[in-house]
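Coordinate inspection notes
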Amino acid sequence: MSWARKDLLGIAELSPEEIGLILDTAESFREVAERPIKKVPTLRGRTVINLFFEASTRTRSSFEIAEKRLSADSMNFSASSSALVKGESLIDTAMNLQAMSPDLIVIRHGFPGAPHLLARHLPAGIINAGDGAHEHPTQALLDAATIRRHKGKIEGLKVSIIGDIEHSRVVRSNIHLLTKMGAEVTVAGPYTLMPPGIEALGARVSYSLDEALDGADVVMMLRIQLERQGRMRVPSVKEYFKLFGLQAQHLARANKDVIVMHPGPMNRGVEISSEVADGPYSVILEQVENGVAVRMAVLYLLSGAQGESR
Amino acid sequence: MQGKFEPHSTLMSDAQMRRVIRRMAGEIVERNGGVEGLMLVGIRTRGVPLAERLAAEIERTEEVKLPLGILDITLYRDDLSTIGPQPVVKGSHLPEPVEDRTLVLCDDVLYTGRTVRAALDALLDYGRPRTVELAVLMDHGHRELPIQADVVGSVVQTAEEEVVEVAFEATDGADRVRLLRRVATDSGAES
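Residues numbered from 1 in each chain as written. Chains lettered and ligands numbered in written order. Predicted model: local features only at pLDDT ≥ 70, side-chain atom pairs only at ≥ 80, totals over all residues. Heavy atoms only, no water.

On to the pattern of salt bridges. Residue and element names in this part refer to chain B. Inspection of the entire model under this criterion finds 31 salt bridges over all chains. The shortest N-O distance in the salt bridge between arginine 31 and glutamate 133 comes to 3.3 Å. Highlighted residues: arginine 31 in helix H1 (residues 14-31) and glutamate 133 in strand E5 (residues 131-139), separated in sequence by 102 residues. We classify arginine 31 as partly exposed; its relative accessible area is 42%. Taking the relative accessible area as the measure of exposure, glutamate 133 reaches 7% and is therefore buried. Salt-bridge contacts for arginine 77 lead to aspartate 79; the nearest nitrogen and oxygen are separated by 3.0 Å. (Salt bridge = Lys/Arg side-chain N within 4 Å of Asp/Glu carboxyl O. Helix = DSSP H or I, 4+ residues; strand = E, 2+ residues; numbered from the N terminus. Buried < 20%, exposed > 50% of the residue type's maximum accessible area, 1.4 Å probe, protein only.)

Pasting the structure below:
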């Protein structure tokens, strides 16, 4: 099969075959990172704009490295250092960027649907790097790449995602991806961080850490978004750790070859103990490594589809 | 390659192909004065079975198992911006460092030379080999770049509407080289 989409806006609209193609392509790109010269000329002369309306270190630098390794010219715009703080509308910003003829735009925005708006108005290919609590497709893809490398497949696995389900775009993209690929997904967290209706996406809901861990093949811990806790959805960080923080003794309930994942940045001692984060089951740093390969694959595939849809 | 192609004639039978590969293996060893420092590198897709066969032949005569690399040149193609959807990337694997080695690039067919150009660029990103040689089973002309093979199985002059198809037992079920000729279709060029 070949890739035909101009944009990568979310996992929801992708077919299992499209997901498989991205993962297979990413697997091939991993090898570039092992070479003495970690660069291929594939996107020479292409321009990629990284447009970040929300703070991001990991995702933005991961995209940047992926762009550089493919020889694309990349440019960064962040909210704090541009006209975005001077009252310009999103569409106006986008139109101005388009006037510089980029081939691809990577966008992160606090509002769900912002990438979709750009995709409708601009001929450039749009990659969603996180839109509000909606989707974060490349994160779900790198998670899937990591799971596949460890388990050899995704189908039939029991995956538990634990933490702040309500504010997480990672969980939404992951539920879409994992259920499409045949995994059984459980989401768990306190009542106050569980959005109503999440089971409609195809996940089982649990309010107990122990129950969620029972027989799990993959455990994904989500960050408690401390900066959003002004609304105090949990009584205290200490209590949260006691009830939902993943500690070594909990893992006895999971499958014996369980892997522990975290999209980062981690709050040690809040959602995960250091013992687990640095322990033998943790694949957290591998996720980061796979992130570059997955983003290279997405940039590569989208840049081929562009000419087609213009 | 645009259009639909149909077999026109057989250029090499399985027995002929085996003899040609045997001779090519001998030439590789002879021109390098032995097998010291040699590594065979097959270009995906059909360069890989050729490299495997050459390695097997060299192992039979010289009793040395040569390292065997695989090169995917997709990321180095010069036509990525013009061919539409991106071709599938299968990845490269070189079992040993290329520094100071003699690399023998292997491909089934030498045609425009663009694949070999891409392969050379790809190889040089792995380091600085001492020498790179090129071995091809079929050379059918129509070069667009100044590239020639060092070890050639057979040369065939072809017309514009003809292409050479190489099949290997390992990948296609039988050893065979055929000449294909473009057939006229009503719809014109379809890929």
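All right, on to the sheet that holds strand E2 (residues 38-43) of chain B then. All names here are of chain B. A sheet is described by the order of its strands in space; here 5 strands give the open sequence E3-E2-E4-E5-E6, paired in parallel fashion. Looking at which strands have only one partner, the edges of the open sheet turn out to be strand E3 (68-71) and strand E6 (151-155). Adjacent strand axes in the sheet meet at a mean angle of 25°, parallel and antiparallel pairs treated alike. Here E2 runs beside strand E4 (residues 102-110); their pairing, made up of 5 bridges, is parallel. Bridge pairing links valine 41 to leucine 105 in E4. Seen against the sheet, helix H3 (residues 114-124) touches E2, E3, E4 and E5 and runs at an angle of roughly 155° to E4. (Pairing = 2+ DSSP bridges. Axes fitted to C-alpha atoms, helices over the stretch in contact; angles between N-to-C directions. Contact = heavy atoms within 4.5 Å.)

Bringing the nonpolar core into the picture now. Counting residues in hydrophobic clusters, the biggest one holds 86 residues, and the most contacted among them are Phe29, Leu141 and Leu177 of chain A. By residue number, the principal contributor to this core is helix H10 (residues 284-309) of chain A, which donates 10 residues. Counting residues in each nonpolar core, the second largest holds 30 residues, with Leu50, Ala55, Met138 and Leu179 of chain B among its members. (Core = buried A, V, L, I, M, F, W, Y, C linked by side-chain atoms within 4.5 Å.)

Honestly, that's just the spatial picture; any functional story needs more than this.
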